[in-house]
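Architecture and fold: a report
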Amino acid sequence: MWDLEYDVVVVGSGFAGLATALEAHEGGATVIVLEKMHAPGGNSSISGGLVAAAASPLQEELGIVDSPELLAKDMFKAGQDMNHHDLVKIVAEQSTDALRWTIEKLGVEYKPCLNILGGHSVARTYNTANASGSGIIRPMLQACRKNNIQIRMKAMLSEIVRKPNGRVEGVVIKDGYLFPSGKSGTPLRIRARRGVVLATGGYSRDIAFRTIQNPILNEKIESTNQPGATAEGLVAALKIGATPIQLAHIQLGPWASSDEAGFGVGSMFSMLAGFPYGILVDARTGKRFVNELSDRRLRVDAMLKKKRFSIAITDSSGVRFASTLNKCLKRGVVRQYETIEQLAIENNIKLDNLLVTIERYNRSVSLGHDMDFGKPLQKDLQAIETPPFYAIRLTPKVHHCMGGVQIDREGRVLDIETHEPIPGLFAAGEVTGGIHGASRLGSVAITDCLVFGRIAGRNAANEPF
Amino acid sequence: MKQEEQCCQQRVGKSYYEVIFLNTNNLILIVGDDGVIVEANPKAYKVFQEQKLVGRFFGELLDLDSNILQIIKERYPFDQQHEIDVRIGNESLIFKMNVSPLLGDSNLTAGVIAILNDLTPEVDNRVLIESEMMCHVQEKAHLDKMLEMIFLSVGEGILLVDEDREIVRANSQASEIFGILEQKLCGEELEYLTDGEGMQILNGLFNSLVEGEKQQAEITGHYSNGHQFPIAVTVTRVDFRKRKFWPIIVRDITEQKEYEIKLQYEMKRSEEMNVTLSNVLKSIEKDRREREQQVKNKVKQSLLPSLQKMTKTNDLEIRSTYRELIAQQLIELTSGFESRLDAGLLKLTGTEIAICRVIQAGRSGKEICELMNLAFETLQTHRKNIRKKLGLRGRKVNLQAYLAGKNCDV
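This is a predicted model, so every value here is computed, not measured. (Residues numbered from 1 in each chain as written. Chains lettered and ligands numbered in written order. Predicted model: local features only at pLDDT ≥ 70, side-chain atom pairs only at ≥ 80, totals over all residues. Heavy atoms only, no water.)

A word on the overall build of chain A
Of the regular secondary structure elements, chain A holds 15 helices and 19 strands. Overall, the C-alpha framework of chain A stretches about 75 × 45 × 40 Å when taken along its three principal axes. For chain A, the residues scored as buried account for 64% of the 465 residues in total. Within chain A, counting contacts between residues at least 6 apart in sequence, those at least 24 apart form 74% of the total. For chain A, the exposed area adds up to about 16,900 Å²; of that, 51% sits on carbon and sulfur atoms. Across chain A, 53 positive and 48 negative side-chain charges occur, with their mean positions spaced 4 Å apart. (Helix = DSSP H or I, 4+ residues; strand = E, 2+ residues; numbered from the N terminus. Buried < 20%, exposed > 50% of the residue type's maximum accessible area, 1.4 Å probe, protein only. Contact = heavy atoms within 4.5 Å. Areas by Shrake-Rupley, 256 points an atom, 1.4 Å probe, with all protein chains shown as cover. Lys, Arg positive; Asp, Glu negative; His and termini not counted. Charge placed at Lys NZ, Arg CZ, Asp CG, Glu CD.)

Here it is as structure tokens:
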């Protein structure tokens, strides 16, 4: 009946999957991680490595007052209160725990400063030393290797096996799968004595699936994700009666560059410099049009209304935290100009308007509050006036799926008919829904993946069989 | 003041360009000092279709951020070209606007005349050019795609490294070898993929290679989970736009290495086998010599003494016993020199066996007593028991002669 047998079968090798695997192993379970691509890590490994933590050690050191309640409040605001409160509470309360776990257990290194991201009311975002999610994924993979947790590559989930008694007993995979060929791979049945944990991520690159959920997001809109971010894992769960939740809520990232593919190096530039220390301008009018630190959805909606591209502009003082600047300049994603005039001419922006815009913004900076869009101005913010000036042309790209399968506080997937947990099936990370509501705050995804990955891992290891 | 009266006054004052006002393709708006439009030409009415123009705020109509004429005048100085965006219904139009002071009747001195030129077609043209550009870009993208396909279908890993030792391109095989997705691998520093020594070797190659030259090396590769494995790299140099690039072809040679190690092991083993064989041959030769020696010894020590004794005696019975003994000794000599164990010997105790060995060696009774620290009487008892066990009791056979042909290594 079964070709292989483990206590816990984890599907997906990103933050959520690896956190699950490590915790389940710690709980004494035998674990296998399945990954359909030819290399581990998924989107997690290409992400920016930004981790939100409320009431964290660095916040205490820097005198920033924060609490899980405040993080939860920010999440509800961005999520338009469509978030499931009990799940948000868990993420917020365990955020600093999860962060500590990465430092103490995995040895992850973070920069010694905090970032403020759009929609957060305080600076609470850690960033890995290499400004990439790989700064967490690598230590996780090393820990798996040390603990002999096998990660099976090119292993694509094709079916979750649920018995008539309602229990999930294992999975069928296509072994030796070559993404994206549907014909590749041979069937292999893997029994999960205690539990299957779904950590298959989102479907930002699944154009067919995402267009069904939201027709606006057709093939013309790019994505920041790696090509493997498709919906099969989610679909397999729906097939055996998992509850879908808020699948149409798909987030676009407002910070991605139009001069490179995917997430690239420009996204981090915008997040760390362009938006917090610069202005976002409509190339056609030369005017600001939105609070650069508002929630992603508000920014994207405003950007999508513009006929030409949007451009983020900052100066030499604004790029001091932009760790990807050199790579951006090298690839022509960010351009450097000696004068605003030059910047305006080369980007075909009305110079007069741009000068007026910058002057007005600088006046806001000196006043300490944004007269036009209510952007929260940081204490260390300086006027845009010190050459060289930097500009990045932006286009919204599909970034994150807020929707997915419904889970309870224990990370168990809920049945669509009974609303009860499906025995033996857990989920964590982007494949789950309901935590972020209508819009996810930047840097909360990694926190979510770590928190619920660990919960699912612990509970799967303890599931009786 | 009533608007119609204003209009009349206006018309009288500027009748000389009435024709232009009515027929121009530009939009003309005359604005009073309160920022309210007092007059608009037919073109303006046409563009702002179904909209009331006279009496509306000029600033509001054109989306100018303010209705106060003074502010508008500051923002849009006289006799300059201004590009403005105006939303009309669902459409967005772009105008070139020229604002001039309106001189005339007292109540209008502070007013302005705005002439707007619809730029939308031009901008649309710009969009068209941009989309044409996009077509070219797409064509180029198509070509890139073709190259990409070749790049991806190569069986070995390919990394393209630039002068900063940064990986600028990587194919999926390389991604698989190092356990890092292509999206991440591109932009990664090369040093992440190997150790210090490997980097040194690669840097050496980068520095020494001339364009088009090819070099190979074996270095250590690092997988994303920290696992280290042997890789073979082939490095070449390509110069492109005054910059140097080094394509590196990478092959995971873990299996090859394992095979090599296995092969080495096999070779060593077969060498050892050869040595063993020659040793065996040598020992066989040695054995043969030993056996020859043994035969010589046996002939000298057993056969010849037995023969001598047989010739010396006249007692027939003794002669026949010796004849039998000699016969048996001869048979044993010729039966492949197998030292067959004698059933009788097996009955002996340890001490008796030890005594047999010494007798066999041709020692005298006295010598044996000294050697084994035995009283002569005890030795005699042992001898008696030995003879009994060997079935020699009552037979006139010398024990030494009997034992000479036996294997006493029980």
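Resuming the write-up.
Quick word on the UniProt feature "domain: PAS" (unreviewed entry) in chain B
Mapped onto the present numbering, the UniProt feature "domain: PAS" (unreviewed entry) falls on residues 139-213 of chain B. Counted over residues 139-213 of chain B, helix gives 52% and strand 12%. Its end C-alpha atoms are 32 Å apart. (UniProt positions renumbered as here; feature names shortened; annotations may be inferred.)

A few points about the packing of helix α13 (residues 350-360) of chain B against helix α15 (residues 376-389) of chain B
All names here are of chain B. Axis separation between α13 and α15 bottoms out at 10 Å; the angle between their running directions is 95 degrees. By the angle between their axes, α13 is roughly perpendicular relative to α15. Here α13 contributes T351, E352, I355, C356 and I359 to the contact with α15, which in turn contributes L379, H382, R383, N385, I386 and K389. Here the residues of the contact of α13 with α15 sort into five nonpolar, three polar and three charged. (Axes fitted to C-alpha atoms, helices over the stretch in contact; angles between N-to-C directions. Parallel < 35°, antiparallel > 145°, perpendicular 65-115°, else oblique. Nonpolar A, V, L, I, M, F, W, Y, C, P; charged D, E, K, R; others polar.)

Thoughts on the interface of chain B and chain A
Interfaces are often sized by the accessible area lost when the parts come together. Each side of the interface is counted separately: chain B has 31 residues, and chain A has 29 residues. Carbon and sulfur atoms make up 44% of the area that chain B and chain A hide from each other, which totals about 2,600 Å². Contact with chain A buries surface across chain B, with L181(B), K184(B) and N225(B) losing the most and accounting together for 23% of the total. For the salt bridge of E166(B) with K330(A), the shortest nitrogen-to-oxygen distance reads 2.7 Å. At the surface where chain B touches chain A, the tally comes to 13 residue pairs in polar contact (both at pLDDT 80 or more). For the side of chain B that touches chain A, the secondary structure elements donating two or more residues are β3 (82-88), β4 (91-101), α6 (120-153), α7 (172-178) and α8 (182-185) of chain B. Here the side of chain B that touches chain A is composed, by residue class, of six nonpolar, eleven polar and 14 charged. (Buried area = accessible area lost by both parts, 1.4 Å probe. Salt bridge = Lys/Arg side-chain N within 4 Å of Asp/Glu carboxyl O. Polar contact = N/O pair within 3.5 Å; in protein donor to acceptor, adjacent residues only side chain to side chain.)

Side note on α6(B)
Here α6(B) contains 34 residues, and its C-alpha end-to-end distance of 48 Å stays within 8% of the 50 Å for a straight helix at 1.5 Å per residue. Turning to α6(B), its buried residues are T120(B), V123(B) and F151(B). (Expected span 1.5 Å × (residues − 1).)

Some thoughts on the sheet that holds strand β1 (residues 27-31) of chain B
Backbone-to-backbone hydrogen bonds pair the strands of a sheet. The strands run either parallel or antiparallel. All names here are of chain B. With respect to topology, five strands assemble into an open sheet ordered β2-β1-β5-β4-β3, the strand pairing being antiparallel. Both edges of this open sheet fall to β2 (37-40) and β3, since each of them pairs with a single strand only. Shown here is a sheet whose adjacent strand axes are inclined to one another by a mean of 35 degrees, direction ignored. Pairing analysis gives three bridges linking β1 to β2, with the strands arranged antiparallel. Residue pairing for β2: V31 is matched across the bridge by I37. Across the sheet, α6 lies against β3, β4 and β5 (112-118), angled at about 130 degrees from β4, the strand it touches most. (Pairing = 2+ DSSP bridges.)

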